[in-house]
Amino acid sequence: MAVAKSNNRKKHQSYISVPSQIINSISQSSLESLLQPTQKKQGGTSKLRVLLENPRFWIFFIFVFGFLWMLKMWFNFDPTMPFSQNPCFSPLESSEISSGFSSTQLTTVRSDEKDGKNYENSEFWKQPDGMGYRPCLDFSEKYRKESGEIVKDRTKYLMVVVSGGMNQQRNQIVDAVVIARILGAALVVPILQVNVIWGDESEFSDIFDLDHFKKVLANDVRVVSSLPSTHLMTRPVEEKRTPLHVSPEWIRSRYLRRLRRDGVLLLRGLDSRLSKDLPSDLQKLRCKVAFRALRFAPYISEFGNKLTERMRTEGPYLALHLRMEKDVWVRTGCLPGLSPEYDEMINNERKRRPELLTSRSNMTYHERKLAGLCPLNALEVTRLLKALGAPKDLALPEELKPFEKKASLLAAIDYIVSENSDVFLASHGGNMGHAIQGHRAYAGHKKTITPNKRQMLPYFLNSSLPEAEFNRIILNLHRDSIGQPALRNSKAGRDVTKYPIPECMCNSSTKAYSSI
């Protein structure tokens, strides 16, 4: 979802985008039943009962309810607008903008117009001081010497099967390249496991630019599309239970001897298997894969950039990663707060599937909330953005029909629009939020707001706090949480693809940088 400033004060064009996981979780007929006027049909009661009994319908309903509630709290949004016959265009007079923002703030905007100022001059759009950091992937002489022998090897091949959503698969592909380098093996193009939840059967080349991937890594790891004829009849050694956070030494001692003997190694379930604390050259390789080699397929990049340019014509924009998926609330042990009925639905699901709870099971919901372990709900995100001075106009991408039933492709488009945005905010952590944070840092530390949930939530619960004082406090709490440079090694276990300094970026105070 993206929020954009508009230069046209009389009419605004709005684009509505529902997350791909939600779109793909309901049938076309179910979606049309929501978008079109109700008609009486024979057997309609039976179809309605089937729809209501479908849990995917309720996931969609919760998201839409939460999204509309956020818009309602932010400004006087007409909840029926997305379901009109022409949902992608809605002319709004500036007088129709609600007092979801205080009258003082609305007056300030109008004053700026009179003075000939633009939203671009707003404090909200100002970018953090990047302190001169630039990409700096200067591999050691030892690494470069070893590369020649590694890319010439024709005896060892690593095959990997990556699972999960697009961003989770992306992380595993990064680690697969590093593991291939550690073993001195060629990497067979990763196999993307079919997503059993969303039914996405996309292959590597459907999402990523394969030729670019091979070319960028040509001096690091040899990437092949398939096993050569000499190894086709080889039964690969398969490993399904790699422990978490293993070191390069563990990988060599565990796999290298068998790989030399059998020629082919097959790895599954690589998520978080490789240590976050690696030698400098391997950290640089991680950055090279994540930020340079894994470029999206041309047709996806073209469409994502098209949406970006459309947003840019209206001015700077904010990309908001609002986590309203049902499983997020179940796994974190938190409640969306949309209504008592929906909270009860989440509680019942958690009781039915207690193994899904990944948060601390000995804490109450209230304790988790105050500890900053819960996603921000729609209302909290609205209050946060309002306190930080975000403008009110909306523009949401459309034209997603060619990508229907392809959750990974839609996630890639979301990634592009979010990575290109002037400001990015995620209401909760997760693979996408972390990946985009790192990518935006590597691109020059573009503004990325990290909600300071633990410190700000007590003020959200204080109903007696005046709005002006609340806004001042929230703004002060986030002055150092807008994407400024942060050292990865200042805290153990940080991922270099989220915090690329110091291994992958440098400035004049460290050493002269080189861009590759």
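Predicted model only: the values in this text are computed from it and were never measured.

Here we look at the overall build of the protein
Then step 1. Within the protein, the secondary structure is distributed over 20 helices and 12 strands.
Then step 2. Counting over 516 residues, the protein shows a buried share of 52%.
Then step 3. Of the contacts formed within the protein by residues at least 6 apart in sequence, a portion of 79% connects residues at least 24 apart.
Then step 4. For the protein, the accessible area works out to roughly 25,300 Å², and carbon and sulfur atoms hold 51% of it.

So, the packing of aromatic side chains
Then step 1. Enumeration according to the criterion identifies 11 aromatic pairs in this entry.
Then step 2. Centroid distance Phe-124 to Trp-125: 5.0 Å. Interplanar angle 80 degrees. Geometry classified as edge-to-face.
Then step 3. When its relative accessible area of 7% is taken as the criterion, Trp-125 is described as buried.
Then step 4. Put simply, the rings of Phe-204, Phe-208, Phe-213, Phe-296 and Tyr-415 touch in pairs and so form one group of aromatic residues.
Then step 5. The ring of Tyr-499 has Arg-494 lying over it, and the distance from NZ or CZ to the ring centre is 4.1 Å.

Focus on the pattern of salt bridges
Then step 1. In total, this model carries 22 salt bridges according to the counting rule given.
Then step 2. The partner of Lys-126 in a salt bridge is Glu-123, with the nearest N and O atoms 3.3 Å apart.
Then step 3. Classification of Glu-123 as exposed rests on a relative accessible area of 55%.
Then step 4. The network of salt bridges with common partners includes Lys-142, Glu-146 and Arg-181.

Overview of the environment of Arg-331
Then step 1. By the element assignment, Arg-331 lies in helix H13 (residues 326–332).
Then step 2. The exposure class assigned to Arg-331 is partly exposed, which follows from its relative accessible area of 35%.
Then step 3. The spacing of Arg-331 and Ile-346 is 15 residues in sequence and 9.8 Å in space, taken between C-alpha atoms.

Some thoughts on the packing of helix H7 (residues 166–183) against helix H10 (residues 248–262)
Each pair of packed helices can be described by the angle between their axes along with the distance between the axes.
Then step 1. Look at H7 against H10: their axes get within 9 Å of each other, and the N-to-C directions meet at 65 degrees. Between H7 and H10, the crossing angle belongs to the class labelled roughly perpendicular. Considering how the two elements wind past one another, H7 and H10 form a crossing that is right-handed. Across from Ile-179, Ile-182 and Leu-183 in H7, the residues of H10 making contact are Pro-248, Ile-251, Arg-252, Tyr-255, Leu-256 and Leu-259.
Then step 2. Classifying every residue of the contact of H7 with H10 by side-chain character gives 8 nonpolar, no polar and 1 charged.

Let's talk about the confidence of the model for the protein
Then step 1. For the protein, the average pLDDT comes to 78, and 72% of its residues sit at 70 or higher.
Then step 2. When the criterion is pLDDT under 50, residues 5–44 qualifies, and its contacts beyond four places in sequence or with other chains add up to 81 contacts.
Then step 3. Taken together, the stretch residues 75–119 has pLDDT below 50 and engages in 68 contacts with residues farther than four places along the chain or on a different chain.

Regarding helix H11 (residues 280–293)
Then step 1. Compared with the 20 Å implied by 1.5 Å per residue over 14 residues, the 18 Å span of H11 between its first and last C-alpha is a close match.
Then step 2. Most of H11 sits inside the fold, with 12 of its 14 residues counted as buried.
Then step 3. Along H11, the residues that are buried comprise Asp-281, Leu-282, Gln-283, Lys-284, Leu-285, Arg-286, Cys-287, Lys-288, Val-289, Ala-290, Phe-291 and Ala-293.

Overview of the pairing of strand E3 (residues 157–162)
Then step 1. Across the 6 residues of E3, 6 count as buried, placing the element largely inside the fold.
Then step 2. With 2 bridges connecting them, E3 and strand E4 (residues 186–188) associate as parallel partners. Bridge pairing links Tyr-157 to Ala-186 in E4.
Then step 3. Following the chain from E3 across H7 to the adjacent parallel E4, one finds a crossover that is right-handed.
Then step 4. Relative to strand E8 (residues 264–268), E3 is paired through 5 bridges, and the arrangement is parallel.

Quick notes on the state of the cysteines
Then step 1. On inspection of all chains with the given rule, the structure shows 3 disulfides.
Then step 2. The disulfide partner of Cys-136 is Cys-506, and the S-S distance across this bridge is 2.4 Å. Taking the torsion about the sulfur-sulfur bond, which here is approximately 90 degrees, the covalent link between Cys-136 and Cys-506 counts as right-handed. Here the residue Cys-136 occupies a position in the loop between strand E2 (134–135) and helix H6 (141–152), and Cys-506 occupies one in strand E12 (residues 505–506), the gap between them amounting to 370 residues. As far as the burial class goes, Cys-136 and Cys-506 line up, both buried.
Then step 3. Here Cys-287 pairs with Cys-504 through a disulfide, and the sulfurs are 2.0 Å apart. Torsion about the S-S bond of the Cys-287 and Cys-504 cystine: about 85 degrees, corresponding to right-handed handedness. With a gap of 217 residues between them, Cys-287 in helix H11 and Cys-504 in the loop between helix H20 (467–477) and E12 connect regions that are remote in the sequence.
Then step 4. Counting only the cysteines that take part in disulfides, in the order they occur along the protein, gives the pairing 1-6, 2-5, 3-4.

Focus: helix H18 (residues 431–442)
Along an α-helix, residues three or four apart share an orientation, since each turn contains 3.6 residues.
Then step 1. Between its first and last C-alpha atoms H18 spans 17 Å; for 12 residues at 1.5 Å apiece the expected length is 16 Å, and the two agree.
Then step 2. Within H18, burial applies to Met-432, Gly-433, Ala-435, Ile-436, Gln-437, Gly-438, His-439, Arg-440, Ala-441 and Tyr-442.

Definitions and cut-offs
- All residue numbers refer to positions counted from 1 along the written sequence of the respective chain.
- Residue-level local features of this predicted model are given only where pLDDT is at least 70; pairs of side-chain atoms are given and counted only at 80 or more, and the full residue set underlies all totals for whole chains, interfaces and linings.
- The basis for the side-chain values is all heavy atoms of the structure; hydrogens and waters are excluded.
- A helix here means a DSSP run of H or I that spans at least four residues, while a strand means a run of E at least two residues long, and both kinds are numbered starting from the N terminus.
- For each residue, the accessible area found with a 1.4 Å probe, counting protein chains only, is set against the maximum for its type, and the residue is called buried under 20%, exposed over 50%, and partly exposed in between.
- Contact definition: two residues touch when any of their heavy atoms are within 4.5 Å.
- Using a 1.4 Å probe, accessible areas were evaluated by the Shrake-Rupley method; residue-level cover was limited to the displayed protein chains.
- Pairing of aromatic rings covers Phe, Tyr and Trp, the last through its six-membered ring, and needs centres within 6.5 Å; plane angles under 30 degrees mean stacked, over 60 mean edge-to-face, and all others mean tilted.
- The rule for a charge over a ring is simple: NZ of Lys or CZ of Arg within 6 Å of the ring centre, and within 35 degrees of the ring normal.
- A pair is scored as a salt bridge if a Lys or Arg side-chain nitrogen falls within 4 Å of a carboxyl oxygen belonging to Asp or Glu.
- Simply put, an axis is a line fit to the C-alpha atoms, just over the touching stretch for a helix, and the angle between two N-to-C directions goes from 0 to 180 degrees.
- An angle below 35 degrees is treated as roughly parallel, one above 145 as roughly antiparallel, one from 65 to 115 as roughly perpendicular, and anything else as oblique.
- In a left-handed crossing the near helix is turned counterclockwise from the far helix by less than a right angle, and in a right-handed crossing that turn is clockwise.
- When residues are grouped by polarity, Ala, Val, Leu, Ile, Met, Phe, Trp, Tyr, Cys and Pro land in nonpolar, Asp, Glu, Lys and Arg in charged, and all others, Gly among them, in polar.
- A residue's pLDDT is the predictor's confidence in that residue, given on a scale from 0 to 100.
- A helix is expected to span 1.5 Å for every residue after the first.
- In short, DSSP must find at least two bridges between two strands for them to pair.
- Clockwise travel from the first strand over the helix to the second, with the strands pointing away from the viewer, marks a crossover as right-handed.
- Note on disulfides: each one is a pair of cysteine sulfur atoms within 2.5 Å.

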